[in-house]
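Residues per chain are reported as follows:
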Amino acid sequence: MQIFGFFGSIMGYLLWALFYVFQNFGVSIIIFTIIIKFVLFPFSIKQQKSMASTARLQKKQKEIREKYANNKQKANEEIQKLYEKEGVSPTGGCLTSIVPMFIMLGIFYCVAYPLTNTLHINQDLVTNATNFINSIPGFSHHAGAATGATYQEINLVRTLADSRELIGQLFTSGSDAANIEMFVNGFNFAGFNLLVSPSSQGLVSVYSLVPVLCFVTSVATSLITMKINGNAQSQQGCMKIMFIGLPLFSAWIAYSVPAAVGFYWICNSVFSLVQSIVMGKFYSPTALTAKSEAQHIALLEQQEALVKYEYAPAGYSSDNKAKMNKK
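Residues numbered from 1 in each chain as written. Predicted model: local features only at pLDDT ≥ 70, side-chain atom pairs only at ≥ 80, totals over all residues. Heavy atoms only, no water.

(A) Expanded view of helix α8 (residues 152-162). The buried fraction of α8 is high, at ten of eleven residues. Where α8 is concerned, the buried positions are Gln 152, Glu 153, Ile 154, Asn 155, Leu 156, Val 157, Arg 158, Thr 159, Leu 160 and Ala 161. (Buried < 20%, exposed > 50% of the residue type's maximum accessible area, 1.4 Å probe, protein only. Helix = DSSP H or I, 4+ residues; strand = E, 2+ residues; numbered from the N terminus.)

(B) The confidence of the model for the protein chain, seen in detail. Per-residue confidence for the protein chain averages 76 on the pLDDT scale, and 69% of its residues sit at or above 70. Mean pLDDT per element in the protein chain: helix α15 (residues 318-326) is the minimum at 51, and strand β1 (residues 188-189) is the maximum at 88. (pLDDT = per-residue confidence, 0-100.)

(C) The arrangement of the packing of aromatic side chains in detail. The final tally for this structure, using the stated rule, is eleven aromatic pairs. Judged by centre distance (6.1 Å) and plane angle (65°), the ring pair of Trp 16 and Tyr 20 falls under edge-to-face. Of this pair, Trp 16 and Tyr 20 both sit in helix α1 (residues 2-22), four residues apart, roughly one helical turn. With a relative accessible area of 53%, Tyr 20 lands in the exposed category. Connected via pairs of aromatic rings, a cluster forms that spans Trp 16, Phe 19, Tyr 20, Phe 25, Phe 183 and Phe 187. (Phe/Tyr/Trp six-rings, centres within 6.5 Å; stacked < 30°, edge-to-face > 60°.)

(D) Helix α11 (residues 209-228), seen in detail. The terminal C-alpha atoms of α11 lie 28 Å apart, and with 20 residues this matches the ideal 28 Å at 1.5 Å per residue to within 8%. Restricting attention to buried positions, one finds in α11 the residues Val 210, Pro 211, Cys 214, Thr 217, Ser 218, Val 219, Thr 221, Thr 225, Met 226 and Ile 228. (Expected span 1.5 Å × (residues − 1).)

(E) Examining the packing of helix α7 (residues 123-134) against α8 more closely. Two elements in contact, α7 and α8, have axes whose closest approach is 10 Å; the angle formed by their N-to-C orientations is 70°. In terms of their interaxial angle, α7 and α8 are classed as roughly perpendicular. When the axes of α7 and α8 are compared, the crossing they make is left-handed. Contacts between α7 and α8 involve Val 126, Ala 129, Thr 130, Ile 133 and Asn 134 on the former and, on the latter, Gln 152, Glu 153, Leu 156 and Thr 159. For the contact of α7 with α8, the residue count by class is four nonpolar, four polar and one charged. (Axes fitted to C-alpha atoms, helices over the stretch in contact; angles between N-to-C directions. Parallel < 35°, antiparallel > 145°, perpendicular 65-115°, else oblique. Left-handed = near helix turned anticlockwise from the far one by under 90°. Contact = heavy atoms within 4.5 Å. Nonpolar A, V, L, I, M, F, W, Y, C, P; charged D, E, K, R; others polar.)

(F) Looking closely at the nonpolar core. Counting residues in each nonpolar core, the largest one holds 57 residues, and the members touching the most others are Phe 25, Leu 115, Leu 160, Ile 180, Phe 183 and Leu 194. Considering every element that reaches this core, the biggest residue donor is helix α13 (residues 259-283), with seven residues. Excluding residues that lie within four positions of it along the chain, Phe 25 makes contacts with Leu 15, Phe 19, Val 111, Phe 183, Gly 186, Phe 187, Leu 194 and Ala 260. (Core = buried A, V, L, I, M, F, W, Y, C linked by side-chain atoms within 4.5 Å.)

(G) Geometry of a nonpolar patch on the surface. A cluster of nonpolar side chains, namely Val 270, Val 274, Val 278 and Phe 282, defines an oily patch on the protein surface of about 350 Å² accessible area. Classification of Val 270 by relative accessible area gives partly exposed; the value is 36%. (Patch = residues over 30% accessible without salt bridge, like charges linked within 9 Å, V, L, I, M, F, W, Y side chains within 5 Å. Areas by Shrake-Rupley, 256 points an atom, 1.4 Å probe, with all protein chains shown as cover. Salt bridge = Lys/Arg side-chain N within 4 Å of Asp/Glu carboxyl O.)

(H) Examining the state of the cysteines more closely. Within this structure, the stated rule accounts for zero disulfides. The thiol of Cys 214 is unpaired, and the distance to the nearest cysteine sulfur, on Cys 267, comes to 9.5 Å. Classification of Cys 214 by relative accessible area gives buried; the value is 3%. (Disulfide = S-S within 2.5 Å.)

Quick look at the structure:
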């Protein structure tokens, strides 16, 4: 977990800079997500190319498996030869997905731990402030507070927003107190208090839109990405369960934690959806097949251009040429 906290601390400098400019956490998350998407775009392109190239060869793989149905080793060897011939690596997208994964988890830690990773306030000060707040009778039933140690910092920020006099008492440094004072003013976005947990407001609440949108955007992104890569019909058995189960799990978490976390997930899914559509225009299996065929034709034309031209009159044959050479 410490490594993710490290990435979260790095991401926090960018998020804090954006917040300092826009003075609103919701707007800062939107701009923050766009910037991260641009930074990770080269990795996303490589991953998309790998998935599209693999999907493009699915039909040939199926034919090979049917041909060598009784010899799995031979089938695997032929499929490997196919990959080598087409210049495709079935694991090509794995490495390019590792770096974004670490960054995305870092971003989560940046949002979930706003005081230590975004404002970069000393951990001991934050811990002492949290312990003091938790010692207040009834705090565990604080309206809008999320349960779990992971979100204690967001709960602390919300408490400080409701009780401003505690800021100066718990954080004696003038710069820390000033930053927190500015920070707690910026969590209202589009009528939502991003520090509030949807579960504290009940199912019939406008805050329930946060987990609902988390689920919808996540499913839409996955569905469109699979459709672009030509494997929308390949989800079977446990894969179908995962396809729906993971977004449901994310929605449940978004319902249980402060809305700021769910809001980031929504932004990330929306921009991922847009990115998938854009990349699908250039790196879908159909687009890659057309590009491959065009390159093949261009190569043939180049090879033909290297062939030496010889004039051959009508009726002239290789036999005539041989006779003339003997003379």
